[in-house]
Amino acid sequence: MTGKMKFKEAFAENENTITAPQSWEKYINLTAPEGSYYIKLDNSQYHLVSKDGTVQMKSNITLPEDLKHIEISSPEDFNKLLYNTQRTIEISRPSYLINDQEVEVTTVVKVFGEDIKHEKSKYYLIPRPFNPPFRLPFKFNEHEYSLLMEQIPYPSVKEVVFESIQDNIFHLKINVVEIYDKINISFTYNFSEAKSLSNIIEYEEMISDYAIGPVEIFGNKIEKTNVKEKENLLNVLEFYKKLYAISRFFDLDFDISQSIMQGDFITLQKIYYSFIENNYYYSEETVDDITLNFENNDNSSIEEMKLNNIAIMGYNKVSISLLNQEFNFTEQFVFKKSEFKNERSTEHGSAVTLNILDNKIQYKRLFIDVDPPSDFNDLIPKLDDAKAIEIV
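Residues numbered from 1 in each chain as written. Predicted model: local features only at pLDDT ≥ 70, side-chain atom pairs only at ≥ 80, totals over all residues. Heavy atoms only, no water.

> So what exactly am I meant to see when it comes to the overall build of the protein chain here?
Each helix and strand in the protein chain was counted, giving 9 helices and 24 strands. Every one of the 392 residues in the protein chain was classed for burial, and the buried ones make up 40%. Taking contacts inside the protein chain between residues at least 6 apart in sequence as the whole, the part at least 24 apart equals 64%. Surface exposure of the protein chain reaches about 22800 Å², of which carbon and sulfur atoms provide 45%. Separation between the mean location of the 41 positive side-chain charges and that of the 63 negative ones in the protein chain comes to 7 Å. (Helix = DSSP H or I, 4+ residues; strand = E, 2+ residues; numbered from the N terminus. Buried < 20%, exposed > 50% of the residue type's maximum accessible area, 1.4 Å probe, protein only. Contact = heavy atoms within 4.5 Å. Areas by Shrake-Rupley, 256 points an atom, 1.4 Å probe, with all protein chains shown as cover. Lys, Arg positive; Asp, Glu negative; His and termini not counted. Charge placed at Lys NZ, Arg CZ, Asp CG, Glu CD.)

Structure below.
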């Protein structure tokens, strides 16, 4: 393939330590072909160029296998492919044309103090590097944000690709199809890309604005029409906000690379309501009756149940997991009101079954160490503010 190129785009591997005197430069310029002259590359190496600063070079070029499927119709396409892929390609020993005169490589490259063995040299085509990263502004929900962008290698002569490079849960990818003047924009997010839980909290406003929308970039607004996606994103953001509060309360680090399971959503609510809000929680399931076991010497308690409607409170030891972090708690359960249903004898005493009255809801709360309430009547009003466990 033949094409014009700047002389520095092709070079031979060489090491030079000798400094050429000015007289030698004058000498080799006297031998330069008509319409050309030598320019100094380093202390002792010189390269022949035409007076317009360019050299035509001929060489056999073999593309790597993974680029051979790309259609190249001109030297410009080839230069674009090298640039877009940022690939360095080894070529055969080239021949040069300067002012339409063929010139040997031994004439093109001169090194003072050395007899260059060009048959052992290697030659490469090296593309110029991409431009440095740049900051691209955009808007979520009318609020302005930006990401640091850079061009990335992409095997095409018609399309270039830019991607964001910041440590951010958001990732922006832009494909520019030059021949059709077309731009494809892709905004994605991944919470596991965050460096830490606090890093997610830092981006709380940005995440919320993205969920609400619209997204505006290059002056074009993109409305978010997927209501379910919006709800899911806001639910996940709320999960991490509560998880952050729990991590600070217990002085724990959670592994946010873990996938969030439905059980994690439920466990998080239980811990958050119990320790962060100092509140009770409940599920929507109702309980019709409950059976309590009594020792033989608890007859007075059984008689009271037969005569009066009573509230019920008890405790269970529970082990629960949140993002693979294990917790051991005591779970208190409370029923507001119950009435006696029946009694039967057991090996160690009696089993009393009580019908659950009122709303039939079992209220619960987690404790590390449980102190019985001084007055049961003080407990019942707190249940009116209990939070329902939501199934997300």
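Text resumes after the structure shown.
> In this structure, what is going on with the sheet that holds strand β15 (residues 182-189)? I would like to understand it.
Adjacent strands of a sheet form backbone hydrogen bonds with each other and so pair up, either parallel or antiparallel. Read from one edge of the open sheet, 7 strands run β15-β14-β13-β12-β11-β16-β17, paired in antiparallel fashion. Pairing within the sheet leaves two strands with one partner each, and these edge strands are β15 and β17 (220-222). Adjacent strand axes in the sheet meet at a mean angle of 30° when their direction is disregarded. (Pairing = 2+ DSSP bridges. Axes fitted to C-alpha atoms, helices over the stretch in contact; angles between N-to-C directions.)

> Explanation requested: the sheet that holds strand β9 (residues 109-111) in the structure shown.
Overall, antiparallel pairing links the 3 strands, which are arranged β3-β4-β9 in an open sheet. Single-partner strands in this sheet number two, and they are β3 (36-40) and β9. Put simply, the sheet's adjacent strands are angled 30° from each other on average, direction ignored. Pairing between strand β4 (residues 45-50) and β9: 3 bridges, direction antiparallel. Note that in β9 the partner of His47 across the bridge is Val109.

> How should I be thinking about the pattern of salt bridges in this particular structure?
Opposite charge on two side chains allows them to pair when their charged atoms are near. Throughout the structure, instances matching the rule amount to 12 salt bridges. Between Lys68 and Glu65 there is a salt bridge whose closest N-O contact spans 2.8 Å. Judged by relative accessible area, which is 63%, Glu65 ranks as exposed. Lys306 is the partner of Glu343 in a salt bridge, and the nearest nitrogen-oxygen pair spans 3.0 Å. On the criterion of sequence distance, the pair formed by Glu343 in strand β21 (residues 325-345) and Lys306 in helix α8 (residues 299-307) is long-range, its members being 37 residues apart. Since its relative accessible area comes to 33%, Glu343 is described here as partly exposed. For Lys306, a relative accessible area of 37% puts it in the partly exposed group. (Salt bridge = Lys/Arg side-chain N within 4 Å of Asp/Glu carboxyl O.)

> Is there a simple way to explain the packing of helix α5 (residues 204-212) against helix α6 (residues 227-250) in this structure?
The geometry of a pair of packed helices is captured by two quantities: the angle between their axes and the separation between those axes. Put simply, α5 and α6 touch, their axes get as near as 9 Å, and they point 165° apart. Classified by the angle between their axes, α5 and α6 sit roughly antiparallel to one another. Here α5 and α6 pass one another in a crossing that is left-handed. For the pair formed by α5 and α6, the contact residues are Glu204, Ile207, Ser208, Tyr210, Ala211 and Ile212 on the first element and Glu229, Lys230, Leu233, Leu234, Leu237 and Lys241 on the second. Split by residue class, the contact of α5 with α6 holds 7 nonpolar, 1 polar and 4 charged. (Parallel < 35°, antiparallel > 145°, perpendicular 65-115°, else oblique. Left-handed = near helix turned anticlockwise from the far one by under 90°. Nonpolar A, V, L, I, M, F, W, Y, C, P; charged D, E, K, R; others polar.)

> Help me understand the pairing of β3, please; the structure alone is not making it clear to me.
Residues in a regular strand point their side chains to alternate faces of the sheet. Where β3 lies against β4, 5 bridges are found, and the strand directions are antiparallel. Within β4, the position partnered with Ile39 by the bridge is His47. The loop that links β3 with its antiparallel partner β4 comprises 4 residues.

> Hey, could you run me through the packing of aromatic side chains in this one?
By convention here, two paired aromatic rings are described through the distance between centres and the angle between planes. Summed over all chains, the structure comprises 27 aromatic pairs. Here Phe275 and Phe329 contribute two aromatic rings whose centre-to-centre distance is 5.1 Å and whose plane-to-plane angle is 40°, an arrangement assigned as tilted. Pair noted here: Phe275 is in helix α7 (residues 262-276) and Phe329 is in strand β21, with a separation of 54 residues, a long-range link. Assigned by exposure class, Phe275 and Phe329 land together as buried. (Phe/Tyr/Trp six-rings, centres within 6.5 Å; stacked < 30°, edge-to-face > 60°.)

> For this particular structure, what's the right way to read the packing of α6 against α7?
As a packed pair, α6 and α7 sit with axes 10 Å apart at the nearest point and diverge in direction by 50°. If you check the angle between α6 and α7, you find them oblique. Relative to α7, the crossing made by α6 is left-handed. Of the residues in α7, those touching α6 at Asn235, Phe239, Lys242, Leu243, Ala245, Ile246, Phe249 and Phe250 are Asp264, Phe265, Leu268, Ile271, Tyr272, Tyr273, Phe275 and Ile276. By residue class, the composition of the contact of α6 with α7 is 13 nonpolar, 1 polar and 2 charged.

> I keep staring at the environment of Val176 and nothing clicks. Help me out?
One can find Val176 in strand β14 (residues 170-177). Here Val176 falls in the partly exposed class, since its relative accessible area comes to 22%. With 108 residues separating them in the primary sequence, Val176 and Glu284 have C-alpha atoms 52 Å apart. With residues near it in sequence (within four places) discarded, Val176 still touches Lys158, Glu159, Val160, Phe162, Lys182 and Ile183.

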